[in-house]
Amino acid sequence: NLDGNFSLKVPANATVVISYIGMKTQEIAIKGKSKIDVTLSDDAKALDEVVVIGYGTAKRKDITGSVASVNSETLAAIPVASATEALQGKMAGVQITTTEGSPDAQMSIRVRGGGSITQSNEPLFIVDGFPVESISDIPPTDIESIDVLKDASSTAIYGARGANGVIIVTTKSGKEGKVSVSYNAYYAWKKVAKTLDVLSASDYTKWQYELAQLTNKNDDYIKYFGNYQDLDMYDNVATNDWQDLTFGRTGHSFNHNLSINGGSDKFKYSFSYSHIDDKAIMQMSDYARDNLNLKLNHKPLKNVSLDFSARFSKTKIRDNDTRKERINYNLAGSITWEIIKDLKLKAEVGYDDYRNNADRYYGVTTYYVRNNVDDEDKSKPAISFTRGTRTAFRSTNTLSYDFKKFFKNNKNHLNLLAGQEYIVTRERELRNVVHGFPTEYTADDCINYSTKGNPYEVTNYGYPDDVLFSFFGRANYDFDSKYLFSATFRADGSSKFAKGNQWGFFPSAAVAWRISSESFMENTKNWLDDLKLRFSYGTAGNNNIPSGQISQLYELNKTPWINGVNSYIAPSKYMANSDLTWE
């Protein structure tokens, strides 16, 4: 009850486990006792846990910005396909919605709402230090933690890309100890929970008759349904329930994961394999994904550590008229050298390769065929093949120093960080369009026998390189973990903007006061875990425009090929809009 009194019927040799949020759990052996008295003590572990704040970490109690976190236990407890789904409803100020209902539907993430009217409002995704397009292809079982930077003071360290928030994903690493092998699997069924009542064939024809009377289209009604006096012939006609025909399948999902990790004080390793197979409730809608993740940590010398990670994902989607395949490779390595005590130099390099293939089938009744196909092929199926590639290279160097040896009373804490980063992204897309397939061809037939159609268009896009060159720094200071101060600054140079507008500067500062640590708050410790007052100010930018979108004029070379095939050669020169600058 409210006074803490309780009664339990338990065996004489039982052990009672007593827990409460923010308090240390206690286990008490009964051993024939008829009464026990328990006093729980504060558990400061939550405040001492480390969170990722961008190019480094900090204790939760010492951060001055707005940072929300989700740990691996929370993510693994939810049987979902992606990390994005697992985040739904877990963080204040983070809204996640599904854009549509296909198996490969993109999930939109908004951190404290949208900040741009015309450009992307998606946050910046960082996985093990590397910027990526999405985290939807990462299985939750591979993730150690997700930290979300929400306010400008915490996102300013990412400068030009941080205006919509930053989601930092840390995948699991090896742990010292014996080899640990774990396997997790689940199987699920799904079906439409509720459908609408539909008209029978008889009711439908009667409704059409009433509509024809109101619109003076009796001739059209007789043309399609016959005379009104003969409506009884529809009484026993089978009815097509299009809801059932489209969404009537019993879908199922099978997901399993195998992980192996272990190591010693010198060498640690972690390996995992995940597979998901999802048959959606919509007919011909399937989703399958395979993931491989490898992380190695080696400490050859006392003051040197080496880290290496490799991730691979392959996703196949079948959605009605569409066949998609995504393949992603990510390699990253780093070396950390403690030059002198508390002075650390870290060099990181990474490479990301993303391939996106999509085959799209257009039936004879589709909008595309009826409005974009020449008369001779207008009543025949069409198909498009799209092959996209994107590669990114990242090089980051940081130097950090902890000044703890300069303070003898251990109440002052000061840490400085300086860094430089270079990221270059290259992207290409090849699109082929074929018209005029035989009318009896299905989507699979058109994909497998593309030479049976008439080649219409070959489009080859080569986007200009997206280059980001940056310098950044951060200072964190606190006195007795009670009075906190932090400041960051970043300068970003982006190739997306014209000469004179390429550099943006993003400062921030924040102060915080942990009121709960003051002596006058001593009497609140039995019910108040942590109370902090903070004030922050920062600027962050948004350069989420496609590389090359700055061009107002495209030098487009359109050369006819034989058989009516057109080749679109990518623009080689761009006339940049000199007024376009940072958002």
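Located above this text is the structure these notes cover.
Residues numbered from 1 in each chain as written. Predicted model: local features only at pLDDT ≥ 70, side-chain atom pairs only at ≥ 80, totals over all residues. Heavy atoms only, no water.

1. Looking at the pattern of salt bridges
It is possible for side chains bearing opposite charge to pair when their charged atoms get close. As a reminder of what qualifies: Should a side-chain nitrogen of Lys or Arg be within 4 Å of a carboxyl oxygen of Asp or Glu, the pair is scored as a salt bridge. Throughout this description, buried means an accessible area under 20% of the type-specific maximum (1.4 Å probe, protein chains only), exposed means over 50%, and partly exposed covers the range between.
If you walk through the whole model with that rule in mind, you get 24 salt bridges. With its nearest N and O atoms 2.8 Å apart, the salt bridge here joins Asp 492 to Arg 490. Each member of the pair, Asp 492 together with Arg 490, is buried.

2. A word on the environment of Asp 62
The cut-off we apply is this: Strands are runs of DSSP state E lasting at least 2 residues, helices are runs of H or I lasting at least 4, and numbering of each runs from the N terminus. When checking whether two residues touch, look at their non-hydrogen atoms; a contact exists if any pair is within 4.5 Å.
Structurally, the position occupied by Asp 62 is in the loop between strand E4 (57-59) and strand E5 (67-71). Sequence separation between Asp 62 and Phe 479 is 417 residues; the distance between their C-alpha atoms is 10.0 Å. Discounting chain neighbours no more than four positions away, the residues touching Asp 62 are Asp 478, Ser 481, Leu 484 and Arg 514.

3. Considerations on the sheet that holds strand E10 (residues 143-149)
What counts is decided by this rule: Here a strand pair is declared whenever DSSP counts at least two bridges between the two strands. Whenever a helix is involved, its axis is fitted only over the stretch in contact; in every case the axis is a line through C-alpha atoms, and angles between N-to-C directions fall within 0 to 180 degrees.
Spatially, E5-E10-E11-E8-E9 is the arrangement adopted by the five strands of the open sheet, whose pairing is mixed. Single-partner strands in this sheet number two, and they are E5 and strand E9 (130-132). Neighbour-to-neighbour, the strand axes of this sheet turn through a mean angle of 25 degrees, independent of strand direction. Here strand E8 (residues 124-127) pairs with E9 via three bridges, running antiparallel. Looking at the pairing, Ile 126 lines up with Pro 131 of E9.

4. Some words on the pairing of strand E1 (residues 15-18)
Here E1 shows a clear split, with Val 16 and Ile 18 buried on one side and none of Thr 15 and Val 17 buried on the other. Where E1 meets strand E2 (residues 26-29), four bridges bridge the pair, whose relative direction is antiparallel. For Thr 15, the partnering residue across the bridge sits in E2 and is Ala 29.

5. Notes on helix H5 (residues 201-215)
Keep this limit in mind: Helix span, expected: 1.5 Å multiplied by one less than the number of residues in the helix. By definition, the arc is the one covered by directions from the helix axis to the C-beta atoms.
In this model H5 runs 21 Å from its N-terminal to its C-terminal C-alpha over 15 residues, within 8% of the 21 Å that 1.5 Å per residue would give. Residues Ala 201, Ser 202, Thr 205, Gln 208 and Ala 212 constitute the buried set of H5. Seen end-on, H5 carries its buried residues on one side only, within an arc spanning 125 degrees. Within H5, the exposed residues directed more than 90 degrees away from the buried face are Glu 210 and Leu 214. Check the buried side of H5 and you find it contacts helix H6 (218-225). Two residues or fewer past H5, Asn 216 is found with a positive phi of approximately 55 degrees.

In short, the description is geometric, and any link to function would need to be established separately.
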